[in-house]
Amino acid sequence: MAWIKRKWTTAEADEWTKEDWLTIVISPIAYTLIMLGIALSFLLLPVGFVILGLGIIATIVMHKIIDPKLKAISDEYEKKQKDYILELERSVRWEDENE
Amino acid sequence: MVTLTLLDWFWLIMFMILMVGCGVLFYRLGKRSESDFFLAGRGLPWWLPASSVYATHTATDTPMWVTGVIYRYGLSGLWYTFFSAWCAISAFVSTRIFRRSVAYTQAEWNTIRFGGLGAEMLRGWIAGWQVFMNMFILGWVGIAMGKICNLAFGWPTWIGLVLFSSICAIYVLAAGYWGVVMADFQQGVIALAIIIIVSVWGVLAAGGPAGIITKLGEMGQSWRLNPFAFTGWFQGDFPAAWFITMLVIAVLGGFGMGTSIDWYAEAQRIQSNKTVRDASYSIWWGTLFVLARNAIWAIAILGFFVLFPNIQETADYELGWFRLGFEYLPVGMVGFFFAAILAIHLSTISTHLNLGAVYATRDLYKHYFKPEATEKQIVWFGRIATFVLLIGSFFYGLTMEEITSWLIFALWLMAAGIWLPSILQVVWWRFNAWGYLASWIANLGFSWLVVWILPAFGLLPELLDYQQFWILMVLGALIYLPVTFLTRPENMDHLVKYYIMSRPIGWWGPVKKEAEQRGLLNKIEKIKS
């Protein structure tokens, strides 16, 4: 998957990119396949095991695509969290909005 | 009626000690601060909130609801439970945006996203509605427990409602969200174990997987094995148009915040994670377990149908999965089954007690009445709010009769008119507080009118729920779109601040451009693939 970006700078990771959109497409498909796969596998139907296998593969692929980006976002963001919380406490005060 | 043996009582008592003990263990952590009482200090690894997502959405009424739709529609009834798939996209879109805002609640997020009087009114509205809604959910989940105790032990329904919600309140009052999430983890494990055990037992009682398939064929009911067994595109009571509507709602709903009533509970879990990445995974994996659980239940209910094919009353067949446990498990396991039902029950009750309390405390008491409140006062107010919610839930619970119709109304139709606005507030910079507030007020009136009042007076035919959804969506848009365009956009300073903090997806061009002009964003060269 060379066309999937594996190394992200924090600024790059802040943008919405094709990796996000691929994840957005794959994620519901993985849910659907796993739900149906488990139900039909529980009935011991061969097609259920095939669907479940496809769901697991979709989950692994999705994880490979999005995890590096999520790591980059988190690393950068957590450094700022304390400041963000202080800013939040200030910005959501009703008194400040009216000043 | 179920008779408990000594071994059954052993399971039950051990579990109750474990549960209440959790509250005592985490009492000191819970009382440290507001952040600890409501978000466990925002320091949890993803698997703990994930287990809480799973445990919370495995409530006492959930097997009744899942049983109801599977018994009625076969495996295609699974799609009724697929509403939780909004987390598929949300985990990587709205979860990420919400976690970056660090708001405690959705109501608080509204004052970060919007500004001025409109945002304040919205915050008060959402907070008040959430306090009411959590009380309401506590009532319907509580009365489901009352029904189960009535089925199993012949107790009057109010005993099951009052007794177990009160026991749950002990550890929620003591340890707040710390108690909730830690108890949820053990409750989630116990619940998953018993769901698998009872379902396997039920399937075997019905003749095993092959036996179920054969018997359904002999009964002329093989269509129940097909997850896509619709009654036509638009005909019948389960048309493909319903399925498409559900997919749109569930999947695209993940772009928004508040497109499902479950969002509000997930929002608390999202913020309790230690990082954005943890938040995404907690929502995604927690929901995957919910969907997997539904699939396991579905097959057990097919087994129940094979065993009891002619039950007509919804209120009777809704109890199918519980009957499998109480009537087919061996002696000594019934106590474990009931302990697991308690686990299922307490995990949901605890969440909604604490969730309702955070809105009452953070968004109403602290924000509007006592902004200078100390951490100690806030924690104590949180406990008082928890207690009030508990008492209020008893009142609501005793006024409800049938679970399924309430759930369909709450999960689907009460969200219909605000579904699209809940997405627009995330993805479209021009959507403002007045537009969103208008959509809420309009939907509240329209949903009752379209679902109950107009049909009752013969002014509107009885419509299927998916038809009601589209009608409510269009009616709502006729109100909130003009309101949005007739009122001013949000203040650009406010929008820029929100954009820098949250980096939302969608149509934010003018805000991004403004942020760049102010030198607040590093311009990025087109990312090379």
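In what follows, the structure referred to is the one given above.
Residues numbered from 1 in each chain as written. Chains lettered and ligands numbered in written order. Predicted model: local features only at pLDDT ≥ 70, side-chain atom pairs only at ≥ 80, totals over all residues. Heavy atoms only, no water.

Visitor: With reference to specific residues and values, describe the overall build of chain B.
Guide: Each helix and strand in chain B was counted, giving 23 helices and zero strands. Scaling as 2.2 N^0.38, a compact globule of 529 residues should have a C-alpha radius of gyration of about 24 Å, and chain B matches this with 23 Å. Projected onto its principal axes, the C-alpha coordinates of chain B cover approximately 70 × 55 × 55 Å. Here the analysis covers contacts within chain B between residues at least 6 apart in sequence; of these, 82% occur between residues at least 24 apart. Working note: accessible area of chain B is about 18,200 Å², and carbon and sulfur atoms make up 69% of it. Side-chain charges of chain B comprise 33 positive and 28 negative groups, with the mean position of each set lying 12 Å from the other. (Helix = DSSP H or I, 4+ residues; strand = E, 2+ residues; numbered from the N terminus. Rg over C-alpha atoms; globule rule 2.2 N^0.38 Å. Contact = heavy atoms within 4.5 Å. Areas by Shrake-Rupley, 256 points an atom, 1.4 Å probe, with all protein chains shown as cover. Lys, Arg positive; Asp, Glu negative; His and termini not counted. Charge placed at Lys NZ, Arg CZ, Asp CG, Glu CD.)

Visitor: I'd like a description of the state of the cysteines, backed by residues and values.
Guide: Residues and elements named next belong to chain B. Inspection of every chain in the model, using the stated rule, returns zero disulfides over all chains. Unpaired in this structure, C149 has its nearest cysteine sulfur neighbour in C168, at a distance of 14 Å. Judged by its relative accessible area of 0%, C149 falls in the buried class. (Disulfide = S-S within 2.5 Å. Buried < 20%, exposed > 50% of the residue type's maximum accessible area, 1.4 Å probe, protein only.)

Visitor: Pulling in residues and values, what's your account of the environment of B:G116?
Guide: Residues and elements named next belong to chain B. Tracing the backbone shows G116 in helix α9 (residues 116-153). By relative accessible area, G116 is classed as partly exposed at 25%. Taking C-alpha positions, G116 is 42 Å from L161, a pair spaced 45 residues apart along the chain.

Visitor: Could you give an account of a nonpolar patch on the surface, with specific residues and numbers?
Guide: Residues and elements named next belong to chain B. A cluster of nonpolar side chains, namely L444, W448, L449, W452, I453, F457 and L459, defines an oily patch on the protein surface of about 700 Å² accessible area. Mapped onto the secondary structure, W452 falls in helix α20 (residues 433-456). What makes W452 partly exposed here is its relative accessible area of 38%. (Patch = residues over 30% accessible without salt bridge, like charges linked within 9 Å, V, L, I, M, F, W, Y side chains within 5 Å. Salt bridge = Lys/Arg side-chain N within 4 Å of Asp/Glu carboxyl O.)

Visitor: Describe the interface of chain A and chain B, naming the residues involved and giving the relevant values.
Guide: Across the boundary between the two partners, chain A contributes 56 residues, which contact 71 residues of chain B. A combined buried area of about 5,400 Å² lies between chain A and chain B, and 71% of that area is made up of carbon and sulfur atoms. Looking only at chain A, the three residues that lose the most surface to chain B are A:W16, A:Y31 and A:F42, adding up to 16% of its buried area. Inspection of the chain A/chain B interface yields six salt bridges. Among the secondary structure elements, those contributing two or more residues to the side of chain A that touches chain B are α1 (10-13), α2 (18-42), α3 (46-91) and α4 (94-98) of chain A. A total of 21 residues in the side of chain A that touches chain B trace back to one element, the largest contributor, which is α3(A). Classifying every residue of the side of chain A that touches chain B gives 30 nonpolar, nine polar and 17 charged. (Buried area = accessible area lost by both parts, 1.4 Å probe. Nonpolar A, V, L, I, M, F, W, Y, C, P; charged D, E, K, R; others polar.)

Visitor: Run through the nonpolar core, naming residues and quoting values.
Guide: The biggest cluster of nonpolar side chains holds 210 residues, and the ones touching the most others in it are B:W321, B:F326 and B:F338. For this core, the leading source of residues is α9(B), giving 20 residues. Ignoring any residue separated from it by four or fewer positions in sequence, one finds B:W321 in contact with B:P63, B:T67, B:I194, B:I195, B:V198, B:S199, B:W297, B:A300, B:I301 and B:F337. With five residues, the next largest nonpolar core counts A:W8, A:A13, A:I73 and B:V276 among its residues. (Core = buried A, V, L, I, M, F, W, Y, C linked by side-chain atoms within 4.5 Å.)

Visitor: Kindly report on the pattern of salt bridges, identifying the contributing residues and their values.
Guide: Tallied over the entire structure, the rule returns 19 salt bridges over all chains. Notably, a salt bridge pairs B:R100 with A:D14, separated by 2.8 Å at the nearest N-O pair. With B:R100 in helix α7 (residues 94-101) and A:D14 in the loop between α1 and α2, the pair connects residues from two separate chains. Under the relative-accessibility criterion, B:R100 is labelled buried at 3%. For A:D14, a relative accessible area of 8% corresponds to the buried category. Here the residues in one salt-bridge network are B:E34, B:E108, B:R123, B:R362, B:D363 and B:K366, joined through shared partners.

Read these as spatial facts, not as claims about activity.
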